[in-house]
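Below, each chain spelled out in residue letters.
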Amino acid sequence: MKAIESIPDRKLLLFKSCMVGQEYPGVETATRYVFDRLGVDYCINDEQSCCTGIGHYTDVFEGLTTTAIAARNFAVARKCGYPNITCLCSTCYAINKEACELLNTNTEVRDKVNSIFIEKGFDDLVYEKGDMNPRTNFYHAVEILLSKVGKIQEEKKFDFSGIRAAAHHACHYYKVKYLDVVGNPENPQLIDTIAEACGASPVRWYEDRTLTCGMGFSQLHLNKSTSLQVTKTKLDSLQRAGVELMIHMCPNCHIQYDRYQPVIEKEFGVEYDMVHMNIAQFVALSLGADPYKVCGFQTHSVPLEGFLEKTGII
Amino acid sequence: MTDGTTDGLDKAAVFICHCSGNISEHVDIDAVKKTLKAEGISVFDYEYLCSSQGQSLIKNKILEGNLDRVVIGSCTPSKHGTLFKKCVQETGLNRGGLEIANLREQCAWVHPDRTGATEKALSLLRAKLKRLENIEPLEEIKVDIAQQALVIGGGIAGITAALNLADNGISTFLVEKDSSIGGQMAKIGKIFSPDKLAEECAMCSLSPLMNEVAAHPKISLLTWTEIESLSGSAGNFMVRLKKKPRYVKDSCTACGRCSRVCPVPVEDEFNCGYMDKKAISLRFSQSVPKIYCIDPDYCLQLNGEACGKCATACKTGAIDFSQKEEIIELNVGAVIVATGFEEYDVSQKPQYGYGIFENVLTQMELARIMGINGPTKGELLRISDFSKLSNAPKSATCTSGCESSSDHSSDNSSGAETPKRIVMIQCVGSRDEKEGGNRYCSRYCCMAALKHASLIKKKYPETEITICYIDVRAFGFYENYYRAVQETGVNFVRGRPAEVIEKPDKSLVVRVEDTLNQKIRELPADLVVLSAAMVPSPGTRKIASVLNLSQDESGFIKERHSKLKPVDSSLDGIFVCGTAQSPKDVTDAIAQAGLAAVRARAFITDSPKSLDNEIAAINQLLCTRCGECLKCPFNALSLNESGRVVLDPLICTGCGYCTELCKDGAVQVAGFTKSQLKAEIEGVLEEGDMLGFVNSGIASLTCDNIGNSVLTYPSNVKLIKVPTTLVVGRDLVLHAFKHGASSVLFVEDPPDSPRAEVIYPLTTSHFKKLKEELGDSGSRIYFKKTYVPNTKGLAGTFTSLAREGEMIK
Amino acid sequence: MMSYVNEYDTPECKTLAETAKKSIRTPESMGLDRCIQCGACTASCPAARFTDYSPRQIVKKVLENDRSVLESEMIWSCFYCYSCNVRCPRNNSPVTIVQVLRQMAINEGIGIEKLAYFLEIGECLAENGASKVPGAGIRNMEKDLGERWIGIKRNMEPIRSELGLSSRDFRDTHGEVQAILESTGYFEREKWIKARIQEKKIHGFLKTDLKTDCSKNEKKSGDFGFESDREYTGQEALTV
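Residues numbered from 1 in each chain as written. Chains lettered and ligands numbered in written order. Predicted model: local features only at pLDDT ≥ 70, side-chain atom pairs only at ≥ 80, totals over all residues.

### Here's the deal with helix α18 (residues 730–738) of chain B
Residue and element names in this part refer to chain B.
So, point 1. Looking at α18, one finds that the buried residues are Leu732, Val733 and Ala736. Seen along its axis, α18 keeps its buried residues to an arc of 100°; they face one direction. Exposed and oriented more than 90 degrees from the buried face of α18 are Asp731 and Lys738.
So, point 2. Tucked inside the fold, the buried residues of α18 contact α16 (674–684), β35 (690–695), β37 (743–748), α19 (754–773) and β38 (781–785).
So, point 3. Gly740 lies just past α18 and shows a positive phi near 105°. (Buried ≥ 20, exposed ≤ 12 C-beta atoms within 10 Å, placed from the backbone. Helix = DSSP H or I, 4+ residues; strand = E, 2+ residues; numbered from the N terminus. Arc of directions from axis to C-beta. Contact = placed C-beta atoms within 7 Å.)

What follows is the structure, given as structure tokens:
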């Protein structure tokens, strides 16, 4: 189990996420906004590439490719002096952590990756055993927020009292490397705790709380009916629980729920009274950020105006 | 201790046993005799030295010749060592004057070449003679054992152990941290039994035993008391106890008036929090001792508010708010730990909803609810339906329960519902490799689930019960019970459920794959019962650390050997039984408690106790009191008031680690001093020999076992027995090389016992250090860990090292 | 047809279980051999809940070394949500075993047409250092998500600028990512996969395969009549 006290706030490489960049850029700006206000020392480096997660989990990339790309990103982090890789996307988090473990424990793979780097003249990318520690160099942005929950409570400008919020923790954060989760991996409470600090009333337990969002990488594209049936199952449960805000920590889940909620409503003839946002966007709002210029809500499919008006933000 | 006078040849004699050809067919005994006689040594031989005639021969020769030292060439000392020791001691000779050369297992049986075997026999005998040149008498150490015992924990195991000890005449203290004995078993309404298909009333079995404890003249019962510390050593433990004030004197008649007038309701832990008790209460109506007890955290009077209602109500004036905590010190010879288990905290598996959904409970909680003296008087109700308030204790003296069971069944005024559908989930926290889970099977839960299913089916035949299991472990005669329960119509689904879901009406759904028909099922339930793992109680964990006992990775107190010493803890004189040692049911706990009592009694009555082990001895003249030796891993060494290093003979295992630590040569293991070992090296070695230093435990047995297994190795392999290889320092290895050893092999015991677990890592690091210190010669020393069956491997090592030595020669 | 060698994901071993354990896709101390078929994985699995997928049965087939599992449609239903991974009481990991099985199937050219849709991801990564939803996916999303999303996507550059970000998610990998993909054999593999798909198409396998697939899916998961479901033939990405 990861101890909250062990989570750093210095030398964080805020690891850019492809899906955030292309679908919800406001998640990145909101995270930066919050980090700035909480005094977190971080940097963003354009040399960092995609983690390969989308290709890896659609079975397109071999493990070796994924590992080599990860090793390159680790070198980027080390070279810029910000070795604590902090992800916006749970899949980036899992991919990087697993690759690091593999590079440390599997000499054959490490030698192979390094021989490729040397052959290509990328000597500065070479990964030596132990260059990164899978347990202490990899974080999800939500963990940083959790470690600052006291400060968030102190600094909050806007109180979300009475908002019935539900957390959707991302599978690739707590089910892949389950030994390194803050709290019990059968019931992670990171988002709930942070949301509560912002004044919201989190629904700490609801039916199918640990059910996947349903995106399932290739599943959304190849078995869409099943994929959306899974998504609908959770939305139904949240609707029954009277939830008005669903809070996310991964752009893949965010897409699945926010983009496809209207699709499910149309196809299944149902209606949901629920809006979606990332936990960083929620904290940013609480700290006084602009819903459009910082949180980028204009890129959301489920309109947030109703929610923002009700809470008095706009 | 060294008389250091003569080389003492005239006072020495050698006795050689033919062992009915076992030795004489391979060793030319006549030649050996001739050679030794030529050197002026008396030599005698006999067909069977172990026979009474053989022993008489030895005794007569000792007395006739006024001998003070004897070498016997025979089978391994682990076979007849004790016999020969006794034999020479009967003549008044000190056992330090006897040496046994192993001419059978380590000579005749392993060297088929007669010349080689004869030469080796000669060298073995010479080595022992050489060792005796500076005879060092061994002290007989005897210790008085305190003639009373302490049992910690008043559950069924502790009660059984205490009664067994007391019935065998041992004065016994039984200490219990709660206000009454009875433990977990007292909470269970009915228990299962291997030889009956019916369930037995737990209290009917337990209550008479509890009363017997209270009445037994040999038992001192100390409830509401905890162990503070334990010092001293086996046979003479000093135990410090803290007796908490009850604020009620022994004159209490348990009439219950105090409880009725007490205005403070307190959550009742005994009833799993399902009902309240008062701040003054009995733990349960059959409590022993039957004396009320005030909870100081909640009592108004004790928290500075004027109340005292109980004192006014009490007719015997038993309430005493001035009682103070008492410290009691006991001197006991042996301790039995019976501190029990607690249920695994099932809220660590939030997928099953315990602590989230009201109608999810554990088997122990169900057992309490089904108890006739429980919160619902034995009636089965949905938890969400019965409120605490309606069950506030009316009379705390609802005496003994089982005969009046039917009286209460219609006592349900709250409109609460009896659950129609019950699902039980097995292995919650057991057989679980995940963090927070336990890898072991908890042994009792299959039977507990079957028992509860059976009880419910008998009382409420319409109830639909489903048990979700992975394997039903109804071992032994319990299989009969399992079959009987099957016949009552209980459903069994083979699958480990994924999760429990709560519906708005507080009913539940269990999602599980029925792996036998490969269907995912959603089982509706009004009550879900989790069969929680058995884990060590907080008391067990605390006692293990206060007493410094070895624990297994789950925190249970580890026995010394699972088969041969199943109730001995890692410390001499401390025994363990019941669920403090491992998960088990009532039947097994009682059986084990009986054994613990027998072992403790045997330990206590063997007084004064003489020690078998050769142990460390401190030469106070050489000792600089640097304190290095206090690093003893068993804490056998300490500084006394005058700053001298003293040894606790009962704790010392004779491992010899202190001899390595002491830079001044002030500590030696008696019988294995540097000068004795040097002498033996000089006597036994020829140029090019391989010398083995063999741990006298498992390693020695393995060496002997090579002979038993009809395997062979070259006769230039010479073995010297040592308590552990820790006593073999740099000077001894160099001495061996000087006297012709081509290589030196350390043969060690594997880390398989609590003692060896401590010693083994020390021997390996000792070896590594030695290898470094020796520089170039370091390449000639080797280390091998042996297990008794590993005879081939060890003989192989001997052979290859001996061949290398020959090549060098 | 030659099979593809992917020595780290699918090391050549005597049994499926050995390959699964040795693969770099699976955790190092995976409890595959310790599986007790308790069904906690299947009961926890979203795919099992809505289709007839069963991680427990897949593990059983792997332990029985039943290579027919590679041909089974089942292995393509996993969501990679790792619920089985977090629940298994024996520290087995069906989800990563399925990843190995899919790689083995791909090596044999089985089910390979399913990859067609996603191959673009590799090319995109090589070119931009970032991944994106493949073109076929975008087209389906456009159909499903409609005007609002199309509008958002069209406006993404100004929105990013308004947020103070570069107008596009720019990555500067100095060609290193491209080189890594090449050296780790990605392009070679992509070429091989495309050729296999083409081969299948020519032999008409693809058409029949897909037909049976679709009807099977229909039966299993229930068809909710998504337009894109009907239109998707798995071939669009081939033209890239």
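Further notes follow.
### Remarks on the interface of chain C and chain A
So, point 1. Between chain C and chain A, the residue contacts involve 68 residues of the former and 66 residues of the latter.
So, point 2. Taken together, the residues of the side of chain C that touches chain A sort by class into 32 nonpolar, 19 polar and 17 charged. (Nonpolar A, V, L, I, M, F, W, Y, C, P; charged D, E, K, R; others polar.)

### Some words on the sheet that holds strand β26 (residues 519–525) of chain B
All names here are of chain B.
So, point 1. In spatial order, the strands read β24-β25-β26; together these three strands make up an open sheet with antiparallel pairing. At either end of the open sheet lies a strand with only one pairing partner, and these are β24 (499–502) and β26. Neighbour to neighbour, the strand axes of the sheet diverge by 25° on average, direction disregarded. (Pairing = 2+ DSSP bridges. Axes fitted to C-alpha atoms, helices over the stretch in contact; angles between N-to-C directions.)

### Things to note about the interface of chain A and chain B
In many reports, interface size means the accessible area that the parts give up when they come together.
So, point 1. Across the boundary between the two partners, chain A contributes seven residues, which contact seven residues of chain B.
So, point 2. When the residues that make up the side of chain A that touches chain B are grouped by side-chain class, the tally is three nonpolar, two polar and two charged.

### Overview of the confidence of the model for chain C
Residue and element names in this part refer to chain C.
So, point 1. Across chain C, the average pLDDT comes to 87, with 85% of residues at or above 70.
So, point 2. Confidence drops under pLDDT 50 across residues 209–240; counting only partners more than four residues distant or on other chains, this segment forms 49 contacts.
So, point 3. Here the predicted complex scores 0.84 on pTM and 0.96 on ipTM. (pLDDT = per-residue confidence, 0-100.)

### Some points on the domain arrangement of chain A
Residue and element names in this part refer to chain A.
So, point 1. In terms of domain boundaries, chain A breaks down into domain 1 (8–139) and domain 2 (154–311).
So, point 2. Taken over C-alpha atoms, the centre of domain 1 sits 25 Å from the centre of domain 2.
So, point 3. Put simply, the parts of the chain that give the side of domain 1 that touches domain 2 at least two residues each are α1 (18–23), α2 (25–38), α3 (53–57) and α5 (90–105).
So, point 4. In terms of residues, the side of domain 1 that touches domain 2 owes the most to one element, α2, which gives nine residues.
So, point 5. Broken down by class, the residue content of the side of domain 1 that touches domain 2 amounts to 14 nonpolar, seven polar and four charged. (Domains from an automatic or database assignment.)

### Here's the deal with the sheet that holds strand β3 (residues 69–74) of chain B
All names here are of chain B.
So, point 1. The strand order across the open sheet built from four strands is β2-β1-β3-β4, with neighbouring strands paired in parallel fashion. Each edge of the sheet is formed by a strand with only one pairing partner; in this case those strands are β2 (42–46) and β4 (98–102). For this sheet the average axis-to-axis angle between neighbouring strands, irrespective of direction, equals 20°.
So, point 2. Where strand β1 (residues 12–17) lies against β3, five bridges are found, and the strand directions are parallel. The partner of Ala12 across the bridge, within β3, is Arg69.
So, point 3. This element, helix α1 (residues 29–38), spans β1 and β2 of the sheet and lies at about 165° to β2.

### Some details on the packing of helix α4 (residues 63–79) of chain A against helix α11 (residues 176–183) of chain C
So, point 1. With their axes 9 Å apart at the nearest point, α4 of chain A and α11 of chain C run at an angle of 150° to one another. Relative to α11 of chain C, the element α4 of chain A is oriented roughly antiparallel. Considering the relative orientation of α4 of chain A and α11 of chain C, their crossing is right-handed. Across from Thr65, Ala68, Ile69 and Arg72 of chain A in α4 of chain A, the residues of α11 of chain C making contact are Glu176, Val177, Ile180 and Leu181 of chain C.
So, point 2. Tallied by class, residues from the contact of α4 of chain A with α11 of chain C come to five nonpolar, one polar and two charged. (Parallel < 35°, antiparallel > 145°, perpendicular 65-115°, else oblique. Left-handed = near helix turned anticlockwise from the far one by under 90°.)

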